[in-house]
Amino acid sequence: MFRRIVILTGAGISQESGLHTFRDPDGLWSRVRIEDVATPAAFARDAARVHGFYNARRAQLASVHPNAAHVALARLEREFGGDLLVLTQNIDDLHERAGSTKLLHMHGELRRVRCTACGNNPRWDGDTGTDVPCPACGQHALRPDVVWFGEMPLHMEAIEAALAVCDLFVSIGTSGTVYPAAGFVDAARRAQTIELDLAPDPASRFERSIEGFATNTVPHLVDELLHP
């Protein structure tokens, strides 16, 4: 019986709700350059364009809803008797809308902004821009509260501590090729490890690989964990 579970989710789980992903052949990075919208240098060079890109991503959230995989993970949180932590690489809010509360966004959140002048970090549902003042200090210094290329993922100390003591680590809908998340399976040294993905890597370092759509595989795994 597991007592401490850590679950990592990636773009695959959100894609099944209809959200555009970044790395697929027809994904966002095939239509816009990373260097133009997702680096600190891009923001310094053309903040208006960067705001526009994330405004469009934020607006898209209104047209999508949590899927069966998000709902199943929220159910696991409610019914599991031990410690559970979901780490997500996704910047959408589908986990929260499904009911998850024990959650860390390691790449930030679309529905938050951060003031580079005072550090205020409020929830934000509308558009941002260079002419929008910070509600706390009044400075025109807001930026998307997302982790750009070249920046350090968030909550790494808490993530490393959870991985060190968990007895089950599950990866859902992520390629496992981008660090630091790609190293989580190795950091979970005491844990059984399970990978759920559309196309698991034949050379996967996980002890168990489950192939299929997250909307099918995650509810089945949750049933298995709750009723061993």
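Residues numbered from 1 in each chain as written. Predicted model: local features only at pLDDT ≥ 70, side-chain atom pairs only at ≥ 80, totals over all residues. Heavy atoms only, no water.

**Some details on the overall build of the protein chain**
No. 1: The number of helices and strands found in the protein chain is nine helices and eight strands.
No. 2: The C-alpha radius of gyration computed for the protein chain amounts to 18 Å, which stays within 12% of the reference 17 Å derived for 228 residues, consistent with globular compactness.
No. 3: In the protein chain, which comprises 228 residues, the share counted as buried stands at 51%.
No. 4: Expressed as a percentage of contacts within the protein chain between residues at least 6 apart in sequence, the contacts between residues at least 24 apart total 63%.
No. 5: Accessible surface computed for the protein chain: about 10,900 Å², of which carbon and sulfur atoms make up 52%. (Helix = DSSP H or I, 4+ residues; strand = E, 2+ residues; numbered from the N terminus. Rg over C-alpha atoms; globule rule 2.2 N^0.38 Å. Buried < 20%, exposed > 50% of the residue type's maximum accessible area, 1.4 Å probe, protein only. Contact = heavy atoms within 4.5 Å. Areas by Shrake-Rupley, 256 points an atom, 1.4 Å probe, with all protein chains shown as cover.)

**Quick word on the domain arrangement of the protein chain**
No. 1: Taken domain by domain, the protein chain holds domain 1 (1-19 + 66-107 + 153-227) and domain 2 (21-63 + 112-146).
No. 2: Centre-to-centre separation of domain 1 and domain 2, based on C-alpha positions: 26 Å.
No. 3: Summing the contributions of domain 1 and of domain 2, the shared interface buries around 830 Å²; its carbon and sulfur component is 57%.
No. 4: When residues of domain 1 are sorted by the area they lose upon contact with domain 2, Gln-15, Leu-19 and Ile-91 head the list and together hold 46% of the total.
No. 5: Inspection of the region where domain 1 meets domain 2 yields zero salt bridges.
No. 6: Among the residues making up the side of domain 1 that touches domain 2, the classes are represented as four nonpolar, three polar and three charged. (Domains from an automatic or database assignment. Buried area = accessible area lost by both parts, 1.4 Å probe. Salt bridge = Lys/Arg side-chain N within 4 Å of Asp/Glu carboxyl O. Nonpolar A, V, L, I, M, F, W, Y, C, P; charged D, E, K, R; others polar.)

**Here we look at the UniProt feature "binding site: substrate" (unreviewed entry) in the protein chain**
No. 1: The sites that UniProt annotates as "binding site: substrate" (unreviewed entry) are Tyr-54 and Arg-57.
No. 2: Looking at the secondary structure, you find Tyr-54 in helix 4 (residues 47-60).
No. 3: Look at Tyr-54 and you get buried, because its relative accessible area is 4%.
No. 4: Looking at where Arg-57 falls in the secondary structure, it is placed in helix 4.
No. 5: Residue Arg-57 is classed as buried on the basis of its relative accessible area, which comes to 16%. (UniProt positions renumbered as here; feature names shortened; annotations may be inferred.)

**A short note on helix 7 (residues 156-165)**
No. 1: Restricting attention to buried positions, one finds in helix 7 the residues Met-156, Ile-159, Ala-162 and Leu-163. All buried residues of helix 7 lie within an arc of 125° about the axis, which places them on one face of the element.
No. 2: Buried-residue contacts for helix 7 involve strand 1 (4-9), strand 2 (83-88), strand 3 (103-105), strand 6 (168-172) and helix 8 (184-187). (Arc of directions from axis to C-beta.)

**Brief notes about the nonpolar core**
No. 1: Core analysis: the largest hydrophobic core is formed by 23 residues, its most contacted members being Ile-7, Leu-76, Val-170, Ile-172, Leu-196 and Val-218.
No. 2: Within the residue set of this core, elements represented by two or more residues are strand 1, helix 5 (68-79), strand 2, strand 6, strand 7 (192-197) and helix 9 (214-226).
No. 3: If one sorts the elements of this core by residue count, helix 9 sits on top with six residues.
No. 4: Core analysis: the next-biggest nonpolar cluster, separate from the first, contains 18 residues, Val-6, Cys-166, Ala-188 and Phe-206 among them. (Core = buried A, V, L, I, M, F, W, Y, C linked by side-chain atoms within 4.5 Å.)

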